[in-house]
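# Overview (structure and organization)
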Amino acid sequence: MLHLPHISPLEHSAFVAAGLLTYIVVTRVRRQRRHPYAAMAWVLGIAAFPYLGLPLFLIFGTRKLIRPATRRQPAPTGPWAHAVPLWTRRLLAAVGVAAAQPQASVRFDADGAAALERLRALIAGSRHTLDVCTYVLGDDEVGATVAADLAERARAGVRVRLLLDSIGSLKSAHSHDALLKAAGVHTRMFVPALGIPGRGRANLRNHRKLVVADGARLWGGGRNIANEYFIGRVGEPAWLDLSFVACGPLAAQAQALFENDWRIARGVRKAPRLDYAQRLARREAESGVHAGATPDAATAAPAPAPTIATPALPPLAQWVPSGPDFHEDILHALLVSAIFHAERRLLLATPYFVPDEGLLEALLLAARRGLQITLVIPERSNHRLADWARGRALRELAAAGADVRLLPGMLHAKAVVVDEVLALCGSANLDSRSLFINYEAMAAFYGPAEIDWLGNWITETAQRGQRASARPPSWWRDIGEGLVATVGFQL
Ligand SMILES: O=P(O)(O)OC[C@H](O)CO
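How each quantity is defined
- Residues numbered from 1 in each chain as written.
- Predicted model: local features only at pLDDT ≥ 70, side-chain atom pairs only at ≥ 80, totals over all residues.
- Heavy atoms only, no water.
- Helix = DSSP H or I, 4+ residues; strand = E, 2+ residues; numbered from the N terminus.
- Expected span 1.5 Å × (residues − 1).
- Contact = heavy atoms within 4.5 Å.
- Core = buried A, V, L, I, M, F, W, Y, C linked by side-chain atoms within 4.5 Å.
- Buried < 20%, exposed > 50% of the residue type's maximum accessible area, 1.4 Å probe, protein only.
- Domains from an automatic or database assignment.
- Polar contact = N/O pair within 3.5 Å; in protein donor to acceptor, adjacent residues only side chain to side chain.
- UniProt positions renumbered as here; feature names shortened; annotations may be inferred.
- Axes fitted to C-alpha atoms, helices over the stretch in contact; angles between N-to-C directions.
- Parallel < 35°, antiparallel > 145°, perpendicular 65-115°, else oblique.
- Left-handed = near helix turned anticlockwise from the far one by under 90°.
- Nonpolar A, V, L, I, M, F, W, Y, C, P; charged D, E, K, R; others polar.
- Near = heavy atom within 4 Å.
- Areas by Shrake-Rupley, 256 points an atom, 1.4 Å probe, with all protein chains shown as cover.

## A few points about helix α13 (residues 357-368)
For α13, spanning twelve residues, the distance from its first C-alpha to its last is 16 Å, which sits close to the expected 16 Å at 1.5 Å a residue. Where the residues of α13 are buried, they touch α12 (330-341), β10 (345-349), β11 (353-354), β12 (372-378), α15 (391-400) and α16 (432-437). Phi turns positive, to about 95°, at G370, one or two residues after α13.

Structural data, given as structure tokens:
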């Protein structure tokens, strides 16, 4: 029989005090801001159940891996600087994001089959390196096809690195191991879900989705690598989603970030001596590359997808990362700033809409200022808790005059358009998990062609949805939504 050690009330109180002190020290030393619900939950948890609460806090309680940077960078200048709103330039430079640069080409894919062809062509066109990061690699047709393509490149002598999130790919992470390993693909799992994760990182998932070929061509967007994002599961249509291929410096920016993620997955604890934007600038200066890489035949050729007409401005773009590897919540800061700066319209598409109070308030104020706000979400997503958590925010937005559209099928695209000045497309959902916890990355586009393309796509997609109502729900639904919303910071 198990005998628990006897603990006197004094010893118990001392343990609780030590637990709370640990919470304060970790939070203060790392200067981590927390959602009020999260702070309250940790303090109450440690005080009420210290023997469980403290270990859980040490395993899951860290949100940021680096301390605030004191360095302030000036807003970038240069031939294209005028095309990026000054507030964006200043903000992103201040938080350590590499500057926007012109790309040789950018092509979006809304159609899943075309997106898969373009991804496969990018992989097939790699000659030296291939860096792949995905939240989900499916144990299905698309997962197997892409894994076979990676294996083929590795056999041809390309250095192939595959980074999988260990929670996102929990069920399927090892499905393609035999093939990948035999071909020489280097695979790493991002922060093990099992085992003893160190320094509170177990809750910090890598949600970034990118493939970089030869450091020059980037495939990115909202798609994971599994059937539902491209061709649909058996008997079901593919989810509505967006991805893109960019040829140019955006790929180098994404690859520099991948290098960081690859180190973290190896368990490296020390922060790199230079941050990724500085390292990138140094590498570019050393090699004298960029400002417009040329697309090679492999990416120029494939798929009958929309080609963007030559704009007055080149496709100006910037890779905007966010997550525990940056002290600021960069995407949240960018979104809130963008909403306050918007003058005419805000178009938003997301599968999961669980905004924190700051983001919701910014949107509500924009609606009250009379901006056109279109928010497209699926009527029922694949995460029922997220659907429950969003109810109040949707009703408030609809009541304030926003056009909230519920699509009949599953929408998984993540895109935001702000006036005619900025468009975002990438991995981040408009929920607290993406904006405050996960490793994420979005491409920010400043060229008129890309902004138009994404704006038109969101507008046309919205027209296929039903308008959400501002009517109050039944009392039990209201209570249910309230309960789910208290853990909304984790959704
Ligand atoms: O986290 P996302 O946005 O990549 O979506 C993943 C799916 O919802 C997995 O259930």
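## Let's talk about the nonpolar core
Counting residues in hydrophobic clusters, the biggest one holds 101 residues, and the most contacted among them are F244, W319, L346, F445 and L454. Here the element with the most residues in this core is helix α9 (residues 249-266); it accounts for ten residues. Both domains that meet at this core, namely domain 2 (99-287) and domain 3 (329-490), each give it at least three residues. Dropping the residues within four chain positions of it, W319 is found in contact with V97, L210, L218, F244, L250, Q253, A254, L257, Y276, A441, M442 and A443. Listed in part, the 40 residues of the second largest apolar core include L119, A151, A173 and I225.

## Comments concerning the side chain of D419
Relative to the elements of secondary structure, D419 occurs in the loop between β14 (415-418) and β15 (422-426). A distance of 2.7 Å separates a polar side-chain atom of D419 from the backbone nitrogen of E343. A polar contact is formed between the side chain of D419 and the backbone nitrogen of R345, at a distance of 2.8 Å. Excluding anything up to four places from it in sequence, D419 contacts H341, A342, E343, R344, R345 and I451.

## Notes on the UniProt feature "domain: PLD phosphodiesterase" (unreviewed entry) in the protein chain
Summarizing the sequence annotation, UniProt attributes the feature "domain: PLD phosphodiesterase" (unreviewed entry) to residues 202-229 and 407-434 in the numbering used throughout. With 11% helix and 32% strand, residues 202-229 has its two end C-alpha atoms placed 26 Å apart. Along residues 407-434 the backbone is 11% helical and 43% strand, and the end-to-end C-alpha distance reaches 21 Å.

## A look at the packing of helix α5 (residues 112-124) against helix α6 (residues 141-155)
At a closest axis distance of 9 Å, the pairing of α5 and α6 adopts a crossing angle of 15°. If you check the angle between α5 and α6, you find them roughly parallel. Crossing hand, α5 versus α6: right-handed. Here L116, L119, R120, I123 and A124 of α5 come into contact with α6, specifically with V142, T145, V146, D149, L150 and R153. Among the residues making up the contact of α5 with α6, the classes are represented as seven nonpolar, one polar and three charged.

## Considerations on the site of the ligand
Around the ligand sit Y135, H207, K209, N224, Y229, Y352, N382, H383, H412, K414 and N429, and that is every residue in its neighbourhood. Within the contact set of the ligand, an oxygen atom lies 2.5 Å away from a side-chain nitrogen or oxygen of Y352. Note that an oxygen atom of the ligand is positioned 2.7 Å from one of the side-chain N or O atoms of K414. Starting from 300 Å² of accessible surface for the ligand in isolation, the protein chains cover 84%. A per-class count over the shell around the ligand returns three nonpolar, six polar and two charged. Both domains that meet at the shell around the ligand, namely domain 2 (99-287) and domain 3 (329-490), each give it at least three residues.

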